[in-house]
Amino acid sequence: MALKTSSDGRTRSSIQIFIVVGLCCFFYILGAWQRSGFGKGDSIALEISKSGADCNIVPSLNFETHHGGEVETIDESESKPKVFEPCHPRYTDYTPCQDQKRAMTFPRENMNYRERHCPPEEEKLHCLIPAPKGYVTPFPWPKSRDYVPYANAPYKSLTVEKAIQNWIQYEGNVFRFPGGGTQFPQGADKYIDQLASVIPIKNGTVRTALDTGCGVASWGAYLWSRNVIAMSFAPRDSHEAQVQFALERGVPAVIAVLGTIKMPYPSRSFDMAHCSRCLIPWGANDGRYMMEVDRVLRPGGYWVLSGPPINWKNNYKAWQRPKEELEEEQRKIEEYAKLLCWEKKSEKGETAIWQKRVNDGFCRGQDDSQVNFCKSSDTDDVWYKQMEACVNPYPHVSSSDEVAGGELKPFPERLYAIPPRIASGSIPGVSAESYQLDNSKWKKHVNAYKKINRLLDSGRYRNIMDMNAGFGGFAAAIQSPKLWVMNVVPTIANKKTLGVVYERGLIGIYHDWCEAFSTYPRTYDLIHAHGVFSLYKDKCNIEDILLEMDRILRPEGAVIFRDEVDAIIRVKKIVSGMRWDTKMVDHEDGPLVPEKILIAVKQYWVASGNFTSTQ
């Protein structure tokens, strides 16, 4: 019996040794597996973890421009649970929330029919918007300012209607933009020189501008060389493709109109606002359009009105309008400007310039009982909110020479200075320290992006969108004269940070991603989506958001998704049926961080007689 007990002990000892060795091997393999980047149910690419600090472009993606007709074949190797078919070629320039047929069913009063009217769920398209046959990558900036390929926006109506006004000319296979306009026949540069004799454009004091009724946005295009960035807008109307031309040129623009709802911008956003023959009835509707401009104009900012009715005495015959009508129009404008405490700085030729006072201590000479002040305390609550004929009060100041809302540094110093909205504590839960940490984080992220895609700051991407901009950290980190960023702050975001974006000298807009964006198809070269799909989880259909991204992204444009791994996996599964090439990479801090990055490139394909073609 003793011999048997000894034998059993040796057997148990052998089993224990085997178990210990097995566990060691298992944990060794597990550690190697985690370091490799494959874990947590995803298939993370190895490019970052393999190459360390010297990462290359993901080799299977095509980041090159498409001018010569070469087409990348569609990769059918991935599992595609749902394949999205191309839409009919008639939808080439489809703008869901500004659709012409739907617009005509709404009242024409106060331009209501030109405002946003989005399709109901049952009318949404669940297909891919095709590019027109012959579509090519736009010319790089600054050549794109002056030339647009005809195939990208094949509309000649403006070349006929505006032939004598030097807006646009058709030359062979391109449109040429001479830089002229109705109010600046000698060119936008000379017109801006005239404005600069009154407005401090050169020293960085004026950085952000709003161009209402922008046409093809030549004013904004030529301001760019002065280090001023303009947010331009015009309606989708009988002048086909105004905003489309602006974006093809590489100029920030959206489809919009001053009508019945507030502009989707925060209060005290712009250093300058501009109207050049924009046909907005400024003296009508109890002055509400001027009051809305006042809301978004920064204290000390400038308003420029060029064209009728300015200097009507000398121009009424040329304008072919009754002088009594023009006289009354200018009288009302002057009356509302006084009510708003704007000081007229200049009136020369057909151009007048007013300046908004820096605080209410400078302007309350008149009886306040005549002023209808807005009752809402949240002047940034604007999404689908009705425009009112009321004046937004200035923020409180402690001294007569203080700028209401806080004084801004000149650009580019203001890009990383502490914005007044943060310094004053007006955004709950945000301090100067947390703001600076956010900036450091985005500098790190953008450096990682540049290692993945070396074309990021090469000029290949001109029009860039950040779908969930926060404080504008991504846009600030990628800031370059070669590009601009449309900083979108979702209406459901936890904090209203768009005012901070503007105080940094950047531009942006409020938007709800459950709806289509106010732009034409193929108007952005690069889209950055940070946390968008976690934010909109259970809010609306993820497919709709991705199809909208596909609509506004150019062929061979790129997308950077940064989100929790579960959201990234859901996105990757859907876009596998959208003619996008994708590759997942780890967070720059390693594979154990649950936030992942998905890089995507939209393949080149165009509409044809058989609906679509890849040649």
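The structure contained in this document is the topic of the report that follows. (Residues numbered from 1 in each chain as written. Predicted model: local features only at pLDDT ≥ 70, side-chain atom pairs only at ≥ 80, totals over all residues. Heavy atoms only, no water.)

### Focus on the sheet that holds strand β2 (residues 169–171)
Then, number 1: In space, the 3 strands of this open sheet follow the order β1-β3-β2, with antiparallel pairing throughout. Each edge of the open sheet is held by one strand with a lone partner, namely β1 (147–149) and β2. Neighbouring strand axes in the sheet, compared pairwise and without regard to direction, differ in orientation by 30° on average.
Then, number 2: In terms of strand pairing, β1 meets strand β3 (residues 174–176) through 3 bridges, oriented antiparallel. Bridge pairing links V148 to F175 in β3. (Pairing = 2+ DSSP bridges. Helix = DSSP H or I, 4+ residues; strand = E, 2+ residues; numbered from the N terminus. Axes fitted to C-alpha atoms, helices over the stretch in contact; angles between N-to-C directions.)

### As for the state of the cysteines
Then, number 1: This model, assessed by the stated rule, comprises 5 disulfides.
Then, number 2: Residue C97 pairs covalently with C118 via a disulfide, S to S 2.0 Å. On the S-S bond that ties C97 to C118, the torsion sits near 110°, and the link is right-handed. Of the two residues, C97 sits in the loop between α2 (47–51) and α3 (100–103) while C118 sits in the loop between α3 and α4 (143–146), which places them 21 residues apart along the sequence.
Then, number 3: C97 sits in the buried class, given a relative accessible area of 1%.
Then, number 4: For C514, the disulfide goes to C540, at an S-S distance of 2.3 Å. For the disulfide bridge between C514 and C540, the dihedral angle about the S-S bond is near -90°, and by the sign convention the bridge is left-handed. Of this pair, C514 sits in the loop between β13 (507–511) and β14 (524–530) while C540 is found in the loop between α16 (532–535) and α17 (542–552), placing the two residues 26 residues apart along the sequence. (Disulfide = S-S within 2.5 Å. Buried < 20%, exposed > 50% of the residue type's maximum accessible area, 1.4 Å probe, protein only.)

### As for the sheet that holds strand β17 (residues 595–602)
Then, number 1: Strand order in this open sheet of 7 strands is β13-β12-β11-β14-β15-β17-β16, and the pairing throughout is mixed. Two strands bound the open sheet, and with one partner strand each, they are β13 and β16 (580–585). This sheet shows a mean twist of 20° between the axes of neighbouring strands, independent of strand direction.
Then, number 2: Pairing of strand β11 (residues 463–466) with strand β12 (residues 484–490), which is carried by 4 bridges, proceeds in the parallel orientation. The partner of D466 across the bridge, within β12, is N487.
Then, number 3: Sheet strands in contact with helix α18 (residues 565–575) are β15 (553–564), β16 and β17, and its direction is about 155° off that of β15. (Contact = heavy atoms within 4.5 Å.)

Structural measurements only, silent on function.
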